[in-house]
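Next come the chains, spelled out residue by residue.
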Amino acid sequence: MPQPGIHARIVTKSSLLFLLVILMTVALAACGGPEQKKAKFFNKGKTLYEQGDYTRARLELKNALQIDREFADARYLLGMVEMKDGNIKKAYGNFHKTVQLSPGHLDAQLQLGKILFSAKLYDQAMEKAELVLGKKPADIEALLLKSAILLTRGDRDQAKAILTGMLDQGVIDPNVYILLATADKQEKNVQQAEAVLRRGVAANPDSSMLRFALADLFARTNRQAEAITSLKKVVELEAGRVKYKYDLAGLYWDTGMQRQAVELLDAIIAADPQDEESRLKIARFYFVKKQLDAAEKTLVDAIAANPKSFKLRLRLADLYIYQDKIDKAVAVLKESLLLDRDPAAPGIILAKNSLARAYLMAGEVEQAYRYVNEVLKESPKNIDALFKSGNIHMLKNDSQQAVFEFRSIVTENPRFIPGYLRLSDAYVANGELELAADTLRNALEVAPGSPDVVRALVRVALLREKYEDAEGYLRDFLKQNPDQAEFQATLGDLFFSRGDLARAEREYGLLKQNDPTNPLAYLKLSQLYRKQKKWTKAIRELETGLAANPKSADIFSSLVQLYVARGKTDTALAACRKQLSRNPGDAFTYNLLSGVYIATKEYDKARQALEKAIGINPAWQVPYGNLAKLFLAHNKREEAIATLEEALKADPKQPAPYLTLATLYQQDQQPEKAIRIYEKALTEIPGLWPAANNLADLLTEHTGSRADLERALVLARKARQMKPGEAAVNDTLGWIYYKLGDSKRARLLIEKALAAAPDNPAINYHLGILLFNSGRKDEAREKLTKALENDEQFSGRQEAEKVLKQL
């Protein structure tokens, strides 16, 4: 009889070995091979994608691709995830890779077509649509894509044939109705477009897309009540999407229902007080509607609800910077620096970059440079900081260092076009025009259709006196962009400036042909005919232009002045009266009318017209100067002074007499008396910014002592607080800094002024002098030439002429 212990051990060994084999088999089966793992990751990613969980779906699909880099379906679905998240560039890359791996992957081909269409690459998009339709002639999305391309090309008949054919086949996709309605709207058949959309809604009663399109059509045809009703239904259908509530609020606001708009926006906030994205969108809403106080309050309240939010503080600072409230912006940004002790934290980096921007806006260059350097210490390749650093070196006239900074940017980020533009500017400042041109040519390879690059290339070509190059750049650009009026006008200007009037006329004529509603074409052609003394043609051109552009102040002004110059004062008077019958509160036309009355020697009527202009717009400086000239020209100086002084005795709080009287003394070369009048005006009316600005200008130009310059600085800063963004105020403040020896601040402010008023001769003169004294002679010549291009008088005109002769 066997011993139980030995038998037991034998059985146990056999059982354990068998069990081990079983467990290993189960484990292997559980783990699966690479194909099974890949399928598991893909299927999980697909499920998450369908559930709308794109973050987790992306992770699962990337896991599948780690196992098999050539898994086309995973690559395609990853592209769809990126599309849903708005990462179009990444989506395109994934779809492109998909069709490389599997050219017959029609879904990926179709998505590529859609992206190419959105990028306006219509020929390439059509290739994709036709490729899909070649395999699947009835594919709805491919047919829709082809129809959209045809509509964009203006081939409405073929597009409508495709779309109506789809409806006949029983297709009720909302996009079919929307595209068909778009075709009808292109044909100005609004009733038919509405009928199509209503049919679409009947077939798809729960389609928010169709109802939104119908609301848009109602709004565009001034049927606001119906638009609101339709949009309310969209909000109801899309209860989980806040976007449509913003659209409804916008419609409320634009139709005078501001209370309902505010209530709707307040309800969005109340639904989730901690949602900073909603607060940001609402602040943006108020900003767009020019309700800056409401935008500020929205952000301040949002910060109270989200005290650790960098994003909200940065947006509030942006709002303050926009309003030139630099002190408030700085205070908010410095609060942001207390939110994180890590100097390399993303929020801290953003706040310091914004601080640098705020200080630059205020002309505090050294403070800006301090924060830029702090950012670069923690993040040496930070583009924003490098860009600001380069600009600061340009202000310091250290263009060599600026070249280094901007070159670093384009090396690190070869698609960052502003880097190329500023690198080119730095080369121009160095006098290295060939390198400037090379830089811009490189930029054009990166961004072939960039208007900014072409504009800069033309400018540098003109500085190099390479007129054929400038013409070539303009013509190449216009081949691809024939509707770009600015470039067509520049081409005409190129020939005009060189005396080739026949070719200039041809280019200006093309400008008018391409866009008969563009005032620029008529103004340019009239200027050309005046140069040739073809007065009848010059007048006819402006009359035609005014008929096509009845609201163009530039055409109207030029036409009235030309009538007067050619002795057609009756016609000029009739034109002004007609304009005023349409718009009795038009100060601009009253000012023009005064010039006509002066030409007919009806001086009392001229004075009355100017006083009317001043009454309508007391802050506008031009009528005061014209009124002063009128008094002086007709020896009514004493009478004018007595009348204005009596007016001030009767009511010392009215601005017009102060400003007219001070301007009268300025025109009469009595700056001391003008200074006293402005001082009195500011005593009586402390918020009268034109008086503060003009007094600062007088102290700068006519005394120039250090004490007066310091006083002028205080006045100009006060004017800027009262009227931030005003070109004349920024120019005055910048010129004072220049006189005080602070060229960096001066440049910042005067360049800002010129951006707001690019044709102002005095501002061009000021910037030209700054550039000349910085050694940037080519750019100085450009600005001084602009300052002297017409006969307008300004303080410093003689100096501008003298410096330009030197250049």
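**With respect to the overall build of the protein chain**
Within the protein chain, the secondary structure is distributed over 46 helices and zero strands. By residue count, 45% of the 807 residues in the protein chain fall in the buried class. The contacts in the protein chain between residues at least 6 apart in sequence include a share of 46% that link residues at least 24 apart. Of the roughly 41000 Å² that the protein chain leaves accessible, carbon and sulfur atoms contribute 52%. In the protein chain, which carries 117 positive and 104 negative side-chain charges, the distance between the mean positions of the two groups comes to 2 Å.

**With respect to helix α42 (residues 727–739)**
With 13 residues, α42 ought to run about 18 Å at 1.5 Å a step, and its terminal C-alpha atoms sit 18 Å apart, in line with that. In terms of burial, α42 is a largely internal element, ten of the 13 residues being buried. Buried residues of α42: A727, V729, N730, D731, T732, L733, G734, W735, I736 and Y737, and no others. Where α42 is buried, its residues contact α40 (689–702), α41 (706–722), α43 (743–756) and α44 (761–773). G741 occupies a position one or two residues after α42 and carries a positive phi of about 95°.

**Focus on the packing of helix α32 (residues 553–565) against helix α33 (residues 569–582)**
It is the contact of α32 with α33, at a shortest axis distance of 7 Å, that shows an interaxial angle of 155°. Taken together, the axes of α32 and α33 are roughly antiparallel relative to one another. Here the hand of the crossing between α32 and α33 comes out left-handed. Judged by residue contacts, F556, V560, Y563 and V564 of α32 engage T569, T571, A572, A575, C576 and Q579 from α33. A per-class count over the contact of α32 with α33 returns seven nonpolar, three polar and no charged.

**A look at the side chain of H766**
Examined against the element boundaries, H766 turns out to sit in helix α44. According to the relative accessible area criterion, H766 is buried, its value standing at 4%. What H766 contacts, discounting residues up to four positions off in sequence, is E701, D731, W735 and I750.

**As for the confidence of the model for the protein chain**
The predicted coordinates of low-pLDDT regions are not to be read in fine detail. On average, residues of the protein chain score 88 in pLDDT, and 96% of them are at 70 or above. Note that pLDDT drops below 50 for residues 1–30; the model gives that stretch zero contacts with residues more than four away or on any other chain.

**So, unusual backbone geometry**
Although it is not a glycine, K120 adopts a positive phi angle of roughly 65°. For K120, the position within the fold is in the loop between α6 (106–118) and α7 (122–135). What makes K120 exposed here is its relative accessible area of 61%. The phi torsion at K601 lies on the positive side, around 65°, for a residue other than glycine. Here K601 shows up in the loop between α34 (587–599) and α35 (603–616). Its relative accessible area of 63% is what places K601 among the exposed residues.

**Brief notes about the pattern of salt bridges**
All chains considered together, the criterion is met by 63 salt bridges. Put simply, R776 and E779 hold a salt bridge, and the shortest N to O gap is 2.8 Å. R797 is the salt-bridge partner of E801, the closest N and O atoms lying 3.4 Å from each other. Of this pair, E801 and R797 both sit in helix α46 (residues 797–806), separated by four residues, roughly a single helical turn. Take R797: its relative accessible area is 11%, and that puts it in the buried class. One connected set of salt bridges, linked through shared partners, spans R422, D425, R459, R776, E779 and E782.

**Concerning the environment of V375**
As for its placement among the helices and strands, V375 is situated in helix α21 (residues 365–378). When its relative accessible area of 0% is taken as the criterion, V375 is described as buried. Distance in space between the C-alpha atoms of V375 and P343 is 8.3 Å, their sequence separation being 32 residues. In contact with V375, not counting residues within four places along its chain, are I349, K352, N353, N382 and A385.

**A short note on the environment of K531**
Of note, K531 is situated in helix α30 (residues 519–531). Residue K531 is classed as exposed on the basis of its relative accessible area, which comes to 57%. With 30 residues separating them along the chain, K531 and L501 place their C-alpha atoms 9.1 Å apart. Residue contacts for K531: discarding those within four places in its chain leaves F496 and L501.

**Concerning the packing of aromatic side chains**
Applying the stated criterion across every chain, the model contains 17 aromatic pairs. Ring plane angle 85° and centroid distance 5.8 Å describe the contact between F387 and F416, whose orientation is recorded as edge-to-face. Of this pair, F387 sits in helix α22 (residues 383–395) while F416 sits in the loop between α23 (399–412) and α24 (417–430), and the two are 29 residues apart along the sequence. Its relative accessible area of 27% is what places F416 among the partly exposed residues. Among the aromatic side chains, those forming a connected cluster through ring pairs are W735, Y738, Y765 and F794. Lying across the ring of F71, K38 places its NZ or CZ 4.6 Å from the centre. A cation over a ring is seen here: K289 above F285, with NZ or CZ 5.7 Å from the ring centre.

**Here we look at helix α9 (residues 156–168)**
Here α9 is 13 residues long and its end C-alpha atoms lie 18 Å apart, about the 18 Å a rise of 1.5 Å per residue gives. A159, I162, L163, M166 and L167 are the residues of α9 that are buried. Looking down the long axis of α9, one finds its buried residues gathered within 140° of arc, a one-sided arrangement. Opposite its buried face, α9 presents the exposed residues D157 and D168, each directed more than 90 degrees away. Against α8 (140–153), α10 (174–186) and α11 (190–203) lie the buried residues of α9. Directly beyond the C-terminal end of α9, a positive phi value near 90° is found at G170.

**Some words on a positive patch on the surface**
Taken together, the side chains of K531, K533, R566 and K568 make up a positively charged region of the molecular surface. Note on R566: relative accessible area 40%, which makes it partly exposed.

Calculation rules
- Each chain carries its own residue numbering, running from 1 in the direction its sequence is written.
- In keeping with the model being predicted, local features are shown solely for residues with a pLDDT of at least 70 and side-chain atom pairs are shown and tallied solely at 80 or more, while totals for entire chains, interfaces and linings include all residues.
- Hydrogen atoms and water are omitted, and side-chain values are computed over all heavy atoms in the structure.
- Counting from the N terminus, the helices are the DSSP runs of H or I reaching at least four residues and the strands are the DSSP runs of E reaching at least two.
- Exposure is judged per residue with a 1.4 Å probe applied to protein chains only, and the accessible area is read against the type maximum: over 50% gives exposed, under 20% gives buried, and values in between give partly exposed.
- Should any heavy atoms of two residues lie within 4.5 Å, those residues are counted as being in contact.
- Each accessible area value is a Shrake-Rupley result obtained with a 1.4 Å probe; residue values ignore everything except the protein chains displayed when judging cover.
- Neither His nor the chain ends is counted toward charge; the positive residues are Lys and Arg and the negative residues Asp and Glu.
- One atom stands in for each charge, and that atom is NZ of Lys, CZ of Arg, CG of Asp or CD of Glu.
- By this rule, a helix spans an expected 1.5 Å times one less than how many residues it contains.
- Fitted lines through C-alpha atoms give the axes, limited to the stretch in contact for helices. The angle between two N-to-C directions lies from 0 to 180 degrees.
- Under this scheme an angle from 65 to 115 degrees is roughly perpendicular, one under 35 degrees roughly parallel, and one over 145 degrees roughly antiparallel; angles in between are oblique.
- For any pair of crossing helices, the crossing counts as left-handed if the nearer helix is rotated counterclockwise from the farther one by less than a right angle, and right-handed if it is rotated clockwise.
- Classification convention: Asp, Glu, Lys, Arg as charged; Ala, Val, Leu, Ile, Met, Phe, Trp, Tyr, Cys, Pro as nonpolar; all other residues, Gly among them, as polar.
- Scored between 0 and 100, pLDDT is the confidence that the predictor attaches to each residue.
- Within this document, salt bridges are pairs made up of a side-chain nitrogen of Lys or Arg and a carboxyl oxygen of Asp or Glu, the two lying within 4 Å of each other.
- Any Phe, Tyr or Trp ring, taking Trp's six-membered ring, that has another such ring centre within 6.5 Å forms a pair; planes under 30 degrees apart are called stacked, those over 60 apart edge-to-face, and the others tilted.
- Placement of a charge over a ring requires the Lys NZ or Arg CZ to be within 6 Å of the ring centre, with the centre-to-atom vector within 35 degrees of the ring normal.
- The arc under discussion is defined with respect to the helix axis, by the directions toward the C-beta atoms.
- What goes into a patch is any residue over 30% in relative accessible area without a salt bridge, connected to like charges within 9 Å or, for nonpolar side chains (Val, Leu, Ile, Met, Phe, Trp, Tyr), within 5 Å.

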